[in-house]
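# Analysis of the macromolecular model
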Amino acid sequence: MTVRPIVISGEPVLHRAAALVTQFDDDLRTIVDDMYETNIAANGVGLAAPQIGVGLRLFVWRMANEDGVPEQGHVINPTVTTSKVPQERPNPDEETEGCLSVPGEAFPLKRAERAHVVGVDVDGYRVEFDATGWFARCMQHEYDHLNGTLYVDRLDERQSKKARKAVKRNGWGKPGSSWLPGVDRDPFGHDDDSDEHADELVG
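Residues numbered from 1 in each chain as written. Predicted model: local features only at pLDDT ≥ 70, side-chain atom pairs only at ≥ 80, totals over all residues. Heavy atoms only, no water.

## With respect to the overall build of the chain
Helices and strands together make up the secondary structure of the chain, namely three helices and ten strands. Starting at the N terminus and walking to the C terminus, you meet the elements of the chain as β-α-β-β-β-β-β-β-β-α-α-β-β. Taking 2.2 N^0.38 as the reference for a compact globule, 203 residues should give roughly 17 Å; the C-alpha atoms of the chain span a radius of gyration of 16 Å, in line with that estimate. For the chain, the spread of C-alpha atoms along the principal axes amounts to about 45 × 35 × 35 Å. Looking at the 203 residues of the chain, the share that counts as buried comes to 51%. For the chain, the share of sequence-separated contacts (at least 6 apart) that also reach a separation of at least 24 residues comes to 70%. Surface summary for the chain: the accessible area is close to 10000 Å², and the carbon and sulfur share equals 45%. (Helix = DSSP H or I, 4+ residues; strand = E, 2+ residues; numbered from the N terminus. Rg over C-alpha atoms; globule rule 2.2 N^0.38 Å. Buried < 20%, exposed > 50% of the residue type's maximum accessible area, 1.4 Å probe, protein only. Contact = heavy atoms within 4.5 Å. Areas by Shrake-Rupley, 256 points an atom, 1.4 Å probe, with all protein chains shown as cover.)

Next up, the structure:
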């Protein structure tokens, strides 16, 4: 298994819909294994294939949950349907997300409380489960990646303005930026023994 570079906002693969997986072979298994390894090295809760520059519809997760779903897993060619997203403003103390492809930044975002996930695994077997709470948020976040949407694209006007400033400040928004987990410093501070980002979802 290999830790792969994670591409950053501005890389075209992040901003277009990913393609359906049609070949279930050893190459696909290698991608899934590398995504597991990369997600662990990045201290992420989820990682979608476009985030490692692979424009295919699959993502992995590593997140404890109360839904009876294995803590680590993957889903290929998924469909994710959700309950209604509440209309009130997100609570910045409880509903802040981060993204490995917008490294080091975090913004509050309202998400649906429930998500239903259907897809297949690397062997072609059906995967289906319900997710709630933060695990549901993770599923929505990763599914967005497969449709060319970053969580910063969903922010309200005030938070969106902050996100655009962060992208500009970091020199992102164009092709060519990436970081390598385990080599580059963790942009979310997990290397610093700090609890600053403990309540943020990073995927």
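We are not done yet, so read on.
## Remarks on the sheet that holds strand β4 (residues 72-82)
Strands sit in the order β2-β3-β4-β7-β8 across an open sheet of five strands; the sheet is antiparallel. Edge positions in the sheet fall to β2 (46-48) and β8 (126-132), since each of these pairs with one other strand and no more. Taking each pair of neighbouring strands and ignoring which way they run, the sheet shows an average axis angle of 40°. Relative to strand β3 (residues 58-62), β2 runs antiparallel, the two sharing three bridges. (Pairing = 2+ DSSP bridges. Axes fitted to C-alpha atoms, helices over the stretch in contact; angles between N-to-C directions.)

## Re the pairing of β3
With respect to burial, β3 is a largely interior element, four of its five residues being buried. Examined bridge by bridge, β3 and β4 share five bridges and lie antiparallel to one another. Residue pairing across strands places F59 opposite V75, the latter belonging to β4.

## Concerning unusual backbone geometry
Phi at N43 takes a positive value of approximately 60°, unusual for a residue other than glycine. Structurally, the position occupied by N43 is in the loop between α1 (26-41) and β2. Since its relative accessible area comes to 31%, N43 is described here as partly exposed. Of note, N77 is a non-glycine position whose phi angle comes to about 50°, a positive value. Counting through the fold element by element, N77 comes out in strand β4. A relative accessible area of 22% places N77 in the partly exposed class.

## A few points about the pattern of salt bridges
Under the criterion given, the structure shown has twelve salt bridges. A salt bridge links D34 to R4, with the nearest nitrogen and oxygen atoms 3.0 Å apart. Pair noted here: D34 is in helix α1 and R4 is in the segment before β1 (6-7), with a separation of 30 residues, a long-range link. Exposure remark for D34: the relative accessible area of 6% places this residue in the buried category. The partly exposed category is assigned to R4, whose relative accessible area is 21%. Note that R111 and E97 form a salt bridge whose closest N and O atoms lie 2.8 Å from each other. One end of the pair, R111, is in the loop between β6 (106-108) and β7 (114-120); the other, E97, is in strand β5 (residues 96-98), and 14 residues separate them in sequence. Classification of R111 by relative accessible area gives buried; the value is 5%. In this structure E97 comes out as buried when scored by relative accessible area, which is 0%. (Salt bridge = Lys/Arg side-chain N within 4 Å of Asp/Glu carboxyl O.)

## Things to note about the side chain of K110
Along the chain, the position of K110 falls in the loop between β6 and β7. The exposure class assigned to K110 is buried, which follows from its relative accessible area of 17%. Within the local environment of K110, its side chain forms a polar contact with the side chain of E95, the two groups lying 3.1 Å apart. Not counting chain neighbours up to four residues away, the residues in contact with K110 comprise V85, P86, E88, R89, P90 and E95. (Polar contact = N/O pair within 3.5 Å; in protein donor to acceptor, adjacent residues only side chain to side chain.)

## Observations regarding the confidence of the model for the chain
Here the chain shows a mean pLDDT of 95. Residues at 70 or above account for 95%. Note on residues 194-198: pLDDT is under 50 here. Beyond four places in sequence and across chains, it has three contacts. (pLDDT = per-residue confidence, 0-100.)

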